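Fold and geometry: a report
Listed here are the chains, written in short residue letters.
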Amino acid sequence: MIIAPSLLAADFGRFSHETERASRAKADWLHLDIMDGHFVPNISFGPEVVRVIRPLTKMTFDVHLMCSRPEILLEPFAKAGADRMTVHVELAEQVTPLLWKVRSLGAKVGLAVNPPTSIATVRPYLSHIDLLLVMTVNPGFGGQSFIHEMLPKIQQAAAWRRELGLKYRIEVDGGINLETAIECARAGADTFVSGTALFRQRQLGRAVHKMREAVAAAHRVQEPV
Ligand code: DX5
Ligand code: ZN
């Protein structure tokens, strides 16, 4: 079980301090939301922020590219210290070359699917990815409510993983708190991005630990499709 606090919910005036706080909290990954003001109606931060915080921690940097033209950003983020990079399936015919490009840069390959997009769209790519990100809010902003209708998508992703004998992680992102994380774990998720519900806690270490324990217990009683 992987717990990945999202830096989007951290104090933007203190990225270094917040990175060290997540690291001390023993978070597994740091989730980095990259927004271009085009694919989503918001702008976050770029490779320079990643480069600056990279030396502060050994945590895996999980870069989520909510961008219309990720091809121009993959190399800068890889150089800045991204360990994993996720692009969106909504980019259609661009997806295959993007996945190969991520792989060629030595990063783990992720593919994300937005709430209105059918889970069937990711099916052709499953054997080429390390992680499938099922968005549980419409991307662009932190602090939104979890969309429960996404749970069957997680179950489908888990069913395909079993049937096809694949090993991709199933990550969920958006509105994840202790309760919704448990629901996702029961559906088959194993990687949990959480912004507001984690970074806004005074005792981040305790919150990370609690979420990890809760999802581990829930995962054991996974509900098949
Ligand atoms: C949504 C981002 C998320 C966001 C989650 O556009 O992809 O990673 O930071 O934030 P919370 O947990 O506050 O919904
Ligand atoms: Zn994200």
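Residues numbered from 1 in each chain as written. Chains lettered and ligands numbered in written order. Predicted model: local features only at pLDDT ≥ 70, side-chain atom pairs only at ≥ 80, totals over all residues. Heavy atoms only, no water.

**Concerning the environment of Ala 197**
- Assignment of secondary structure puts Ala 197 in helix 7 (residues 196-199).
- Counting along the chain gives 196 residues from Ala 197 to Met 1, while the straight-line C-alpha distance between them is 17 Å.
- Not counting the four nearest positions on each side in its chain, Ala 197 is found in contact with Ile 176 and Asn 177. (Helix = DSSP H or I, 4+ residues; strand = E, 2+ residues; numbered from the N terminus. Contact = heavy atoms within 4.5 Å.)

**Here we look at the packing of aromatic side chains**
- Tallied over the entire structure, the rule returns three aromatic pairs.
- Relative to Phe 45, the ring of Phe 15 has its centre 5.3 Å away and its plane inclined at 65°; by these criteria the two rings are edge-to-face. Of this pair, Phe 15 sits in helix 1 (residues 15-24) while Phe 45 sits in the loop between strand 2 (29-35) and helix 2 (47-53), and the two are 30 residues apart along the sequence.
- Here Phe 15 falls in the buried class, since its relative accessible area comes to 14%.
- Each residue in the set Phe 12, Phe 15 and Phe 45 is aromatic and connected to the rest through ring pairs, giving one cluster.
- For the cation-ring pair, Arg 123 lies above Trp 160, with the distance from its terminal atom to the ring centre recorded as 5.9 Å.
- Over the ring of Tyr 168 we find Arg 161, and its NZ or CZ is 5.9 Å from the ring centre. (Phe/Tyr/Trp six-rings, centres within 6.5 Å; stacked < 30°, edge-to-face > 60°. Buried < 20%, exposed > 50% of the residue type's maximum accessible area, 1.4 Å probe, protein only. Lys NZ or Arg CZ within 6 Å of the ring centre and 35° of its normal.)

**Remarks on the packing of helix 6 (residues 178-187) against helix 8 (residues 204-220)**
- Two elements in contact, helix 6 and helix 8, have axes separated by 8 Å at closest approach and are oriented at 30°. By the angle class used here, helix 6 and helix 8 are roughly parallel. The element helix 6 and its partner helix 8 pack so that their crossing is right-handed. Facing Leu 178, Ala 181, Ile 182, Ala 185 and Arg 186 of helix 6, the residues of helix 8 in contact are Lys 210, Met 211, Ala 214, Val 215, Ala 218 and His 219.
- Of the residues belonging to the contact of helix 6 with helix 8, the class tally is eight nonpolar, one polar and two charged. (Axes fitted to C-alpha atoms, helices over the stretch in contact; angles between N-to-C directions. Parallel < 35°, antiparallel > 145°, perpendicular 65-115°, else oblique. Left-handed = near helix turned anticlockwise from the far one by under 90°. Nonpolar A, V, L, I, M, F, W, Y, C, P; charged D, E, K, R; others polar.)

**Quick word on the site of ligand 1**
- In the vicinity of ligand 1, 20 residues are found, and the nearest of them are Asp 33, Gly 140, Asp 173, Gly 195 and Thr 196.
- Contacts to ligand 1 include Gly 175, whose backbone N or O atom sits 2.8 Å from an oxygen atom.
- Coverage of ligand 1 by the protein chains reaches 99% of its 380 Å² of free accessible surface.
- At the level of secondary structure, the elements contributing two or more residues to the shell around ligand 1 comprise strand 2, strand 3 (60-66) and strand 8 (191-194). (Near = heavy atom within 4 Å. Polar contact = N/O pair within 3.5 Å; in protein donor to acceptor, adjacent residues only side chain to side chain. Areas by Shrake-Rupley, 256 points an atom, 1.4 Å probe, with all protein chains shown as cover.)

**Points about the nonpolar core**
- Counting residues in each nonpolar core, the largest one holds 68 residues, and the members touching the most others are Leu 32, Leu 65 and Phe 192.
- Per-element tally for this core: the top contributor is helix 8, with six residues.
- Non-local contacts of Leu 32, meaning those with residues more than four positions away in its chain, are made with Leu 7, Phe 45, Val 50, Ile 53, Phe 61, Asp 62, Val 63 and His 64.
- Counting residues in hydrophobic clusters, the runner-up holds nine residues, among them Ile 2, Ala 112, Leu 131 and Val 137. (Core = buried A, V, L, I, M, F, W, Y, C linked by side-chain atoms within 4.5 Å.)

**Comments concerning the sheet that holds strand 4 (residues 84-88)**
- Strand order in this open sheet of eight strands is 1-8-7-6-5-4-3-2, and the pairing throughout is parallel. The strands lining the two open edges of the sheet, one partner per strand, are strand 1 (2-5) and strand 2. Neighbouring strand axes in the sheet, compared pairwise and without regard to direction, differ in orientation by 20° on average.
- Across the sheet, helix 5 (residues 151-164) lies against strand 5 (108-113), strand 6 (131-135) and strand 7 (169-173), angled at about 170° from strand 7, the strand it touches most.
- Relative to strand 1, helix 8 is tilted by about 145°, and along the sheet it contacts strand 1 and strand 8. (Pairing = 2+ DSSP bridges.)

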